[in-house]
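The chain contents come next:
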Amino acid sequence: MNYRKKLIEVALPLDAINEASVREKSIRHGHPSTLHLWWARRPLAAARAVIFAQMVDDPSTYVDLLRSDARLRRKAEPLLKERQKVWEKARQTAGLAASDNNSAPDPGPEPTLDQILAELERERLFKIIEELVEWENTTNETVLQQARDEIWQSWRRACAEHADHPRAKELFDRRKLPAFHDPFAGGGSLPLEAQRLGLEAYASDLNPVAVLINKAMIEIPPKFADRPPVRPVTNGKQIAAPNTWQGAQGLAEDVRYYGQWMRDEAEKRIGHLYPEVKITPGLAAERPDLKPYSGRSLTVIAWLWARTVKSPNPAFAAVDVPLVSTFMLSTRKGKEAYVEPVIEAGGYRFTVKAGQPPNPKAARSGTKLSRGANFQCLMSGSPITGDYIKAESMAGRMGARLMAIVAEGDRERVYLPPIPGHEEIARKARPKWKPENELVGKCRDQLPLYGMNTFADIFTDRQLVALTTFSDLVQEARELIRRDAAAAGFPDDGKPLAAGGTGATAYAEAVGVYLAFAVDKGANYWSSICTWHSGRDTITSTFGRQALPMVWDYAEANPFSVSSGNFMSGINQSGRFLKSTLPNIKGNVIQADAAAQFTSKDKLISTDPPYYDNICYADLSDFFYVWLRHSLKPVFPKLFTTLEVPKADELVATIYRHDSIERAEEFFLGGMIKAMRQLAGQAHPAFPVTIYYAFRQSETTDEEGTVSTGWETFLDAVIHAGFALTGTWPLRTEYTGNLKKNVSALASSIVLVCRPRADDAPVATRREFVNALKTELPVALAHLQRSNIAPVDLAQAAIGPGMAIYTRYAQVIDARGNPLSVREALALINETLDEVLAEQEGDFDADTRWAVAWFEQFGFDEGEYGLAETLSKAKNTSVSGLGEAGILLSREGRVRLFCPQELPAEWNPSRDSRLTVWETVHHLIRALEQGEEAAADLLAVLGGQADPVRELAYRLYTICERKKWAREALAYNSLVQSWPEIERLARENRGPQEIVQRLFGEE
Ligand SMILES: C[S@@+](CC[C@H](N)C(=O)[O-])C[C@H]1O[C@@H](n2cnc3c(N)ncnc32)[C@H](O)[C@@H]1O
């Protein structure tokens, strides 16, 4: 059965998607990443665009409809004429070359109206995607509805077309879109976006923490959508009329209300462990900056501690000396503060000073001697080695000493020395419970070396008291909410959330999930491996990276402050996220092993599996699991059956779970193939499956700079599982800075677009494969180029259509009868790509073809006149003619191309009697340096030259990339990426005459 090609199988506006994805990284308010931490979340922008493009038909599949659109035809016809002119020229060139016995590329088939109509329609769909990916449009119903309408149109076409399908009733119901499934749902970006686009979403993951995150994102909000909060009254005031609560706003308000209740209740119980600091006149006398606070009590933001060991110097063996990585407390300009240790009476004390330290380098280094665990004794200067510190900590002699206090001032941080009594109060804390679970796997990297073997060891006693108190309060809050909800009219049916309840009990449990998440956020900011960030004056979180590192001097946050690391910030973030959801469609979340799940049946699938050994989710998430289990086990008994996150079936290749690298790899690949098979076998037949593959930067740069073995292995697994590929889209989401200027930025992930391979797929010979590449790749490349893909992404994106050919066959057999490997297929695809780009030179004039060949050899450097002359003969031009064309400089037997900066600013193309594509590209680059407006002015005068200009820029970019000429590559990449904007401005701008007048002062 034939299914329509989807947009994602032909073209994507990658640039817009990448730009929005990068921007999203800095969004904090309302983003799911603020609801609960998960590692390696996909940007929502990318997830949304991919699902949309996976669902809408490519316009080439409905040109008959487009033909009947009179307005579109009017737009397409002049474009067709221009395209035909260029084609006609190429045809004549080819004819001339043939009659002279020269070779020139085949001009290809004549452009057709259908092609142009489809291109214009693709542009329209791109515009929708460009709007859709903007963070600001996350809750913009107009933009979202436009996208949903588009999805529905394609869906109705599919239903009409497959009305006779033997399973039409289940598969093609024109009143209901197919559901969505992500079997590796993790932090939930993909199911959330599917839901936003109007699909019933299913999410599954092996990890209970991920399952819970997805429940909080897509399953719980729709259950209680559009209901007023059970506590709509704050301080005796009605917050809003009962019928004005939309989406999850009511739920958000209750999370806030009961979060505040928990905070206040906790303060009553353990507030005495978090004393304020009194600024005594004595303290203020020593520190003039403290004068305005003299006599006042300030709330503490954090207590800063230094771990200690006994001095290795026998003369000070009784002294617990501090291990301090820096004495700087704040490095903010004008607000500097630092710790100054004072040695006295056979020991030491810490003082805190405002201003620049007298010896900044020494202050910055603390008591550290070099990287790693290498310190010096504060008392004697004797070195303290890593081995010594490990031995002391294993013997239980590592301690901690209060070094400084950060307090809330008047819109500033106030840095203070240890205040008498504060250390003692902290030491009085006695937790009733602690998570005694052993650290395993990735979590054991460093901490066990210092005697920290359980999760309890990561926290101070005061932190454990806080976490247990707040966790207990989640349970108490549930009971309170249940009563309030029943009083507010929820049925008091006792039916739990996990059993599909929606009454008072279920609502209380639902609110409890977000409250428990705020406790997890607390855990992330309340461990003894959180540091004080002196540059930003804030506490850093436990998971600054995907590991649990040893930290020497740590910050202990005050949950009751209103600053960094306080409890209410987690509550508020949950509330903001809930307000940004659009819970109008059901979500379903289950715990399942992707290698053995049956949820995918007949669903649209987009997924993002773990990549090899990149992140050990199960190990890391134990950190949160132990607290969630403490507060939510009665609500989700099945999810929290085990003491720790289940690990055995997690698809990561870790040696410690599988004894050797080989076994780890075998497990990973075997499991991945099984998981992919589930998808190939179950996916809804009308849609391709999309799979994200996360790159590790180190892998993308082997000797040739392109191929990566991890990538090949993954492709192999996907193909082995029965998939054929129809697209590969590089997503560049990890770097910062101006995308147009960042050529060296590599793709951070690739989206593979796959369809199940036909059971009766034929076997092909290598020759047949190569021939198919040569015939089909040029067309696919033309699509990619017209969709303005950045030159830097072209090679990666071209793998898609290439692999589509390779995977259409059951096997490709080489001359010796051996199957052609993925690696060999990739090499052939790259070779063909090079050839196709070289062939596009057929679209260029003779001077440009000479210049490309010369550039390939010399760039903008000089070469021999004789060589230039010989080359000019082969290209049917002459050096003197090239000089006249303004392309080169010929002097004293040497020749070189002009670089863009040397080109005359007063160049007027309408007066150039020997106008070449080469000049056009380089003048545009020159103009672009002054901005897109300037380039647009020039383009307006040049008229419709888009295709050859863009093709030349691609060609030159490929040459530069191969030659590693980064600066030149940047210029060509920028021109292509700016092209749509330049074209838009050129169209919008005044008429060419007016520009000629303005630029060149001519009538
Ligand atoms: C790359 S993450 C997904 C991230 C997600 N797309 C997001 O945006 O947050 C991969 C996920 O696969 C899950 N996983 C690992 N092995 C699994 C298995 N055998 N079955 C199901 N899920 C598994 C991990 O728990 C992790 O959440």
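No experiment lies behind these values; they were computed from the predicted model shown.

1. A short note on unusual backbone geometry
Comment: phi is negative for the bulk of residues other than glycine, and the bulk of peptide bonds are trans.
So, point 1. The backbone of R411 sits at a positive phi, close to 55°, despite the residue not being glycine.
So, point 2. Note that R411 resides in the loop between β15 (399-408) and β16 (413-416).
So, point 3. Taking relative accessible area as the criterion, R411 reaches 87% and is therefore assigned exposed.
So, point 4. In this structure, E892 is a non-glycine residue whose phi angle is positive, near 45°.
So, point 5. In this fold, E892 is placed in the loop between β28 (888-891) and β29 (894-897).

2. Describing the site of the ligand
So, point 1. Not every one of the 24 residues close to the ligand is listed here, only the nearest: R42, G187, D205, A594 and D608.
So, point 2. Taking W38, its side chain carries an N or O atom lying 3.2 Å from an oxygen atom of the ligand.
So, point 3. In this structure, D608 approaches the ligand through a side-chain N or O atom, which is 2.8 Å from a nitrogen atom.
So, point 4. Relative to its unbound accessible area of 600 Å², the ligand is 99% covered by the protein chains.
So, point 5. Of the residues contributing to the shell around the ligand, the split by class is 12 nonpolar, five polar and seven charged.

3. Some thoughts on the sheet that holds strand β10 (residues 337-344)
So, point 1. One open sheet accounts for three strands, arranged β9-β10-β11; its pairing is antiparallel. Both edges of this open sheet fall to β9 (328-330) and β11 (347-354), since each of them pairs with a single strand only. The mean inter-strand angle of the sheet, taken between neighbouring strand axes irrespective of direction, is 30°.
So, point 2. Examined bridge by bridge, β9 and β10 share two bridges and lie antiparallel to one another. From the neighbouring strand, S330 faces β10, where its bridge partner is A337.

4. A closer look at the state of the cysteines
So, point 1. Applying the stated rule across the entire model yields zero disulfides.
So, point 2. No disulfide involves C530; its nearest neighbouring cysteine sulfur is the one of C443, lying 14 Å away.

5. Topic: the sheet that holds strand β1 (residues 180-182)
So, point 1. Across the sheet, seven strands lie side by side as β20-β2-β1-β21-β22-β24-β23; this open sheet has mixed pairing. The sheet is open, and its two edges are formed by β20 (587-591) and β23 (723-731), each paired on a single side. Within this sheet the neighbouring strands show an average axis-to-axis angle of 20°, counted without direction.
So, point 2. Bridge count for β23 against strand β24 (residues 749-756) is eight bridges, and the pairing is antiparallel. Following the sheet pairing, T728 is matched in β24 by L752.

6. Some details on the confidence of the model for the protein chain
So, point 1. With 93% of its residues at a pLDDT of 70 or more, the protein chain shows a mean pLDDT of 89.
So, point 2. Contacts from residues 697-707, a stretch scored under 50 in pLDDT, to residues over four places away or in other chains number 16 contacts.
So, point 3. Contacts from residues 736-746, a stretch scored under 50 in pLDDT, to residues over four places away or in other chains number 29 contacts.

7. Observations regarding the nonpolar core
So, point 1. The biggest cluster of nonpolar side chains holds 266 residues, and the ones touching the most others in it are L515, L632, W729, W918 and L975.
So, point 2. Broken down by element, the residue count for this core peaks at 14 residues, all from helix α16 (residues 504-525).
So, point 3. When neighbours within four sequence positions are excluded, W729 is seen to be in contact with I8, V10, A11, L12, L14, S749, I750, V751, V753, L784, I789 and A797.
So, point 4. F668, W711, V770 and L826 belong to the second-largest nonpolar core, a separate cluster that totals 50 residues.

About the thresholds
Residue positions are given per chain, counted from 1 along the sequence in the order it is written. Local features in this predicted model are restricted to residues whose pLDDT is 70 or higher, and side-chain atom pairs enter the listing and the counts only when it is 80 or higher, whereas totals over whole chains, interfaces and linings include all residues. Calculated side-chain values reflect all of the structure's heavy atoms, with hydrogen atoms and water omitted. Strands are runs of DSSP state E lasting at least two residues, helices are runs of H or I lasting at least four, and both sets are numbered from the N terminus onward. Exposure is judged per residue with a 1.4 Å probe applied to protein chains only, and the accessible area is read against the type maximum: over 50% gives exposed, under 20% gives buried, and values in between give partly exposed. We call a residue near a molecule or strand as soon as one heavy atom of that residue lies within 4 Å of the molecule or strand. For this analysis, a polar contact is any N or O atom pair within 3.5 Å, provided that within protein one partner can donate a hydrogen and the other can accept it, and provided that sequence-adjacent residues contribute only side-chain to side-chain pairs. Computed with a 1.4 Å probe, the accessible areas rest on the Shrake-Rupley method; for each residue, only the protein chains presented here act as cover. In this classification, the charged set is Asp, Glu, Lys and Arg, the nonpolar set is Ala, Val, Leu, Ile, Met, Phe, Trp, Tyr, Cys and Pro, and all remaining amino acids, among them Gly, are polar. Should DSSP find at least two bridges between two strands, the strands are taken to pair. The axes are straight lines fitted to the C-alpha atoms, using for helices just the contacting stretch, and the angles between their N-to-C directions are given from 0 to 180°. When two cysteine sulfur atoms are found within 2.5 Å, that pair is recorded as a disulfide. The predictor reports its confidence for every residue as pLDDT, a score running from 0 up to 100. For this analysis, residues touch if any pair of their heavy atoms sits within 4.5 Å. Working definition of a nonpolar core: buried Ala, Val, Leu, Ile, Met, Phe, Trp, Tyr and Cys residues. They are joined through side-chain atoms within 4.5 Å.

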